[in-house]
Amino acid sequence: MATAQLNGVTIGYDDTGAADASSAPRPVLVLLHGHPFDRSMWAAQREAFAATHRVVTPDLRGYGASSVVPGTTDFATFAEDLAGLMDHLGVERFALGGLSMGGQIVMECYRLFPERLTGLLLADTFPAAETPEGKAGRNALADRLLAEGMQGYADEVRDKMVAPYNKEASAQVHRMMLAAPPEGAAAALRGRAERPDYRALLTRVSVPALVVVGRDDTYTPVADAQAMHAALPDSTLSVIESAAHLPNVERPAEFNAALRNWLTRVGAGGA
């Protein structure tokens, strides 16, 4: 793991597969985790693609090895952190993917700096703004995490995050949730409650996109993924069988196969 000081915070990240000085730069793939996880959720993807790509997996501020900033972290702040990290690494253009909240941050990045992105991966996510009921729910959950910590919430959502029949993945994801700092998770929830509506933005995406969803995901059902696929001008839809909300962890071989096909469409990109 490495760290970078930018925008007044520390960002922890893994940077795997960079070419040595005598080789041509490899295309860059950046993957953003969801809530309440950290960069370790992408371990299987780092391992699978480090031979062909420079794979960068940051901890979002408030999670993992990155700084915890109480209050509210809006999506523009997450996006600015990523842009700053890419500047720090000397990367101008890159393919960008994210899962759940990470996918929504990908959309925010495309809103703010589309010229830097060579392709979009949107996994188990959705583009609509939060409803009034959803805003109230996310803020109430933020209050609860600050008051109670992560244990009760992690226990409650475990079997929705990961299908209960995927026992090894379930244990891994549960550990990640318990390790999340409540203050950071709460700040992200408050920011997520205020996110914009990205549905019109998707119709203007000009780079190859991959939409992935677990067949048994109840947070972001297959119908949500189908709607995003229909809205995106150049996209592929991959439904991962026997997986719920984290198919990259639950079914890494199938997820990676879809990712590999998308990266072929993205091409060399730029570094």
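Residues numbered from 1 in each chain as written. Predicted model: local features only at pLDDT ≥ 70, side-chain atom pairs only at ≥ 80, totals over all residues. Heavy atoms only, no water.

Undergrad: Would you explain the layout of surface pockets in this entry?
TA: Over the atoms, a rolled probe matching the size of one water molecule traces out where space is still vacant. One number sums up the size of the largest pocket: a volume of about 250 Å³. Lining the largest pocket are 13 residues; nearest its centre among them are Arg 138, Tyr 153, Met 161, Arg 192 and Tyr 219. With three residues, helix H5 (residues 151-161) is the single largest residue contributor to the lining of the largest pocket. Taken together, the residues of the lining of the largest pocket sort by class into seven nonpolar, four polar and two charged. Taken as a whole, the second largest pocket encloses approximately 150 Å³ of empty space. Surrounding the second largest pocket, Ser 40, Met 41, Ala 43, Ala 44, Asn 166, Lys 167, Glu 168, Ala 169, Gln 172, Asn 248, Val 249 and Pro 252 form its lining. Elements that contribute at least two residues to the lining of the second largest pocket include exactly helix H1 (43-49), helix H6 (167-179) and helix H10 (247-250). Looking at which element gives the most residues to the lining of the second largest pocket, the answer is H6, with four residues. In terms of residue class, the lining of the second largest pocket is made up of six nonpolar, four polar and two charged. (1 Å grid on protein atoms, 1.4 Å probe; cavity = no way out; pocket = protein on both sides within 12 Å on 5 of 7 lines; lining within 4 Å. Points joined across faces, edges and corners; volume = space filled by probe spheres on them. Helix = DSSP H or I, 4+ residues; strand = E, 2+ residues; numbered from the N terminus. Nonpolar A, V, L, I, M, F, W, Y, C, P; charged D, E, K, R; others polar.)

Undergrad: How should I be thinking about the pairing of strand E1 (residues 2-6) in this particular structure?
TA: Regular strands show a simple pattern: their side chains alternate between the two faces of the sheet. Across five bridges, the pairing between E1 and strand E2 (residues 9-16) is antiparallel. Paired with Gln 5 across the two strands is Thr 10, which belongs to E2. Taking the residues between adjacent antiparallel strands as the criterion, E1 and E2 are bridged by two residues, where Asn 7 takes a positive phi near 55°. (Pairing = 2+ DSSP bridges.)

Undergrad: Explain unusual backbone geometry here, please?
TA: Negative phi characterises most residues that are not glycine, and trans characterises most peptide bonds. Cis geometry is adopted by the peptide bond preceding Pro 36, which originates at His 35 and carries an omega value of -5°. Although it is not a glycine, Asp 124 sits at a positive phi angle of roughly 45°.

Undergrad: Whenever I open this one, the sheet that holds strand E5 (residues 94-99) confuses me. Can you help?
TA: The pairing of strands in a sheet comes from backbone hydrogen bonds and takes either a parallel or an antiparallel form. Taken in spatial order, the eight strands of this open sheet run E1-E2-E4-E3-E5-E6-E7-E8, and their pairing is mixed. The sheet is open, and its two borders are formed by E1 and strand E8 (235-240), each paired with just one other strand. Averaged over all pairs of adjacent strands, the angle between strand axes in this sheet comes to 20°, irrespective of strand direction. Strand direction decides the pairing type here: strand E6 (residues 117-123) and strand E7 (residues 209-214), joined by four bridges, are parallel. Bridge pairing links Ala 123 to Val 212 in E7. Strand contacts of helix H11 (residues 252-266): strand E3 (28-32), E5, E6, E7 and E8, with the helix running at about 155° to E6, the strand carrying the most contacts. (Axes fitted to C-alpha atoms, helices over the stretch in contact; angles between N-to-C directions. Contact = heavy atoms within 4.5 Å.)

Undergrad: For this particular structure, what's the right way to read helix H2 (residues 75-89)?
TA: Turn by turn, an α-helix covers 3.6 residues, leaving residues three or four places apart pointing in a common direction. Helix length check: H2 (15 residues) gives 21 Å between terminal C-alpha atoms against 21 Å at 1.5 Å per residue, within 8%. With eleven of 15 residues buried, H2 lies mostly within the body of the structure. Within H2, burial applies to Phe 75, Thr 77, Phe 78, Ala 79, Asp 81, Leu 82, Ala 83, Gly 84, Leu 85, Met 86 and Leu 89. Following H2 by one or two positions, Gly 90 has its phi on the positive side, about 75°. (Expected span 1.5 Å × (residues − 1). Buried < 20%, exposed > 50% of the residue type's maximum accessible area, 1.4 Å probe, protein only.)

Undergrad: Is there a simple way to think about the packing of helix H4 (residues 132-148) against helix H7 (residues 182-193) in this case?
TA: Each packed pair of helices is defined by two parameters, the angle between the axes and the distance between the axes. Contact geometry for H4 and H7: axes closest at 8 Å, N-to-C directions at 170°. Taken as axis vectors, H4 and H7 run roughly antiparallel relative to one another. Across the interface between the two elements, Lys 135, Arg 138, Asn 139, Leu 141, Ala 142, Asp 143, Leu 145 and Leu 146 from H4 touch Pro 182, Glu 183, Ala 185, Ala 186, Leu 189, Arg 190, Arg 192 and Ala 193 from H7. A per-class count over the contact of H4 with H7 returns nine nonpolar, one polar and six charged. (Parallel < 35°, antiparallel > 145°, perpendicular 65-115°, else oblique.)

Undergrad: Honestly, the pairing of E7 in this entry has me stumped. Any pointers?
TA: Along E7, six of the six residues are buried, which leaves the element largely enclosed by surrounding structure. Chirality of the crossover, the property in question, places the unit of E7, helix H9 (residues 222-231) and E8 among those that are right-handed. (Right-handed = clockwise from strand over helix to strand, strands pointing away.)

Undergrad: Is there a simple way to think about the packing of aromatic side chains in this case?
TA: Any two aromatic rings considered together are summarised by their centre-to-centre distance and by the angle between their planes. Inspection of every chain in the model, using the stated rule, returns two aromatic pairs. Seen from their ring centres, Trp 42 and Phe 255 are 6.3 Å apart, and the 45° between their planes marks the pair as tilted. With Trp 42 in the loop between E3 and H1 and Phe 255 in helix H11, this pair connects stretches of sequence that are 213 residues apart. Trp 42 sits in the buried class, given a relative accessible area of 0%. For Phe 255, a relative accessible area of 1% puts it in the buried group. Taking 6.3 Å as the distance between ring centres and 55° as the angle between the ring planes, the aromatic pair formed by Phe 75 and Phe 78 counts as tilted. Here Phe 75 and its partner Phe 78 are both found in helix H2, three residues apart, which amounts to about one turn of the helix. Taking relative accessible area as the criterion, Phe 75 reaches 3% and is therefore assigned buried. A residue is classified by how much of its surface remains accessible, and Phe 78, at 2% relative accessible area, is buried. (Phe/Tyr/Trp six-rings, centres within 6.5 Å; stacked < 30°, edge-to-face > 60°.)

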